[in-house]
Amino acid sequence: MCGTDTRTELPLITPEQSGCGCCSTQTAAQTPAAADGSVYELGGLTCGHCAQTVEKAVTSVDGVEAVTIELVAGGTSRLTVAGTASNASIRDAVTGAGYSFSASE
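None of these values were measured; they are calculated from a predicted model.

What counts and how
Throughout, a residue's number is its position along its own chain's written sequence, starting from 1. Totals for whole chains, interfaces and linings use all residues, but because this is a predicted model, local features are given only for residues with pLDDT of at least 70 and pairs of side-chain atoms are given and counted only at 80 or more. Only hydrogens and water are set aside; all other atoms, that is, all heavy atoms of the structure, feed into the side-chain values. Going along the chain from the N terminus, every DSSP run of H or I of four or more residues is numbered as a helix, and every run of E of two or more is numbered as a strand. Only protein chains enter the calculation, and the probe is 1.4 Å; a residue is then buried if its accessible area is under 20% of its type maximum, exposed if over 50%, and partly exposed in between. Note on contacts: a residue pair is in contact if any heavy atoms of the two residues lie within 4.5 Å. Whenever Lys or Arg places a side-chain nitrogen within 4 Å of a carboxyl oxygen from Asp or Glu, that contact is recorded as a salt bridge. Our working definition of a disulfide is a cysteine sulfur pair at a distance within 2.5 Å. By convention a nonpolar core is built from buried Ala, Val, Leu, Ile, Met, Phe, Trp, Tyr and Cys residues, the set being connected through side-chain atoms within 4.5 Å. The predictor's confidence in any single residue is recorded as pLDDT, a number from 0 to 100.

Some points on the overall build of the chain
The helix and strand inventory of the chain stands at four helices and five strands. Going residue by residue from the N terminus, the α and β elements of the chain occur as α-α-β-β-α-β-β-α-β. The buried share of the chain, reckoned over its 105 residues, is 30%. A separation of at least 24 residues holds for 66% of the contacts in the chain among residues at least 6 apart in sequence.

Following this line, the structure appears as C-alpha cells:
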C-alpha cells in the first residue's frame, strides 16, 4: 500500500515479554489479595479479560470492598470478596457477566 511491509516490520513480542497474560493458560492472580472474605468458585473464565469482566461486575456491587480472582484458565477459578455484600448479590453479578458461580464455603 505505502511501500512498506508492515507485517515484518512490527516488533512482535510474546505475551510473557509484554506482561500480558490475557490468553495464556497459566494460572494468574488478578488484583491484590483481599484480606479476609467470602470465597466462591467460578467456571467459564479462560483468560485475563474474563477475570477483568467478573472483577468489574463484582466491584460494582454495593458493600464490596475488595475483590481477588485466582484465574485457572479452563478450570475452576477462585473469587474472594471482602465486604458486606450478600452471596446472592455476588452470584447475580457473576452470572450476569456470563460465568458460572458456586459458593465454596
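Observations concerning the pattern of salt bridges
With the rule as written, the count across this model stands at two salt bridges. The closest approach of N and O atoms between Arg 78 and Glu 70, which form a salt bridge, is 3.9 Å. A relative accessible area of 34% places Glu 70 in the partly exposed class.

Comments concerning the state of the cysteines
Enumeration according to the criterion identifies zero disulfides in this entry. No disulfide involves Cys 47; its nearest neighbouring cysteine sulfur is the one of Cys 50, lying 3.8 Å away. For Cys 47, a relative accessible area of 12% corresponds to the buried category. Relative accessible area serves as the criterion here: at 9%, Cys 50 is assigned to the buried category.

Considerations on the nonpolar core
Burial of nonpolar side chains together is a common tendency in soluble globular proteins. Within the largest apolar cluster, 22 residues are counted, with the highest numbers of intra-cluster contacts made by Leu 45, Val 54, Val 58, Val 64, Leu 79, Ile 90 and Val 94. Of all the secondary structure elements, the ones that give two or more residues to this core are β2 (38-43), α3 (48-59), β3 (64-71), β4 (77-83) and α4 (87-96). No other element matches the five residues that α3 contributes to this core.

Quick word on the environment of Thr 80
Structurally, Thr 80 is set in strand β4. Taking C-alpha positions, Thr 80 is 5.8 Å from Val 67, a pair spaced 13 residues apart along the chain.

A look at the confidence of the model for the chain
Averaged over all residues, the pLDDT of the chain is 78; the fraction at 70 or higher stands at 65%. Under a pLDDT of 50 for its full length, residues 24-34 has, in the predicted model, 28 contacts with residues more than four places off or in other chains.

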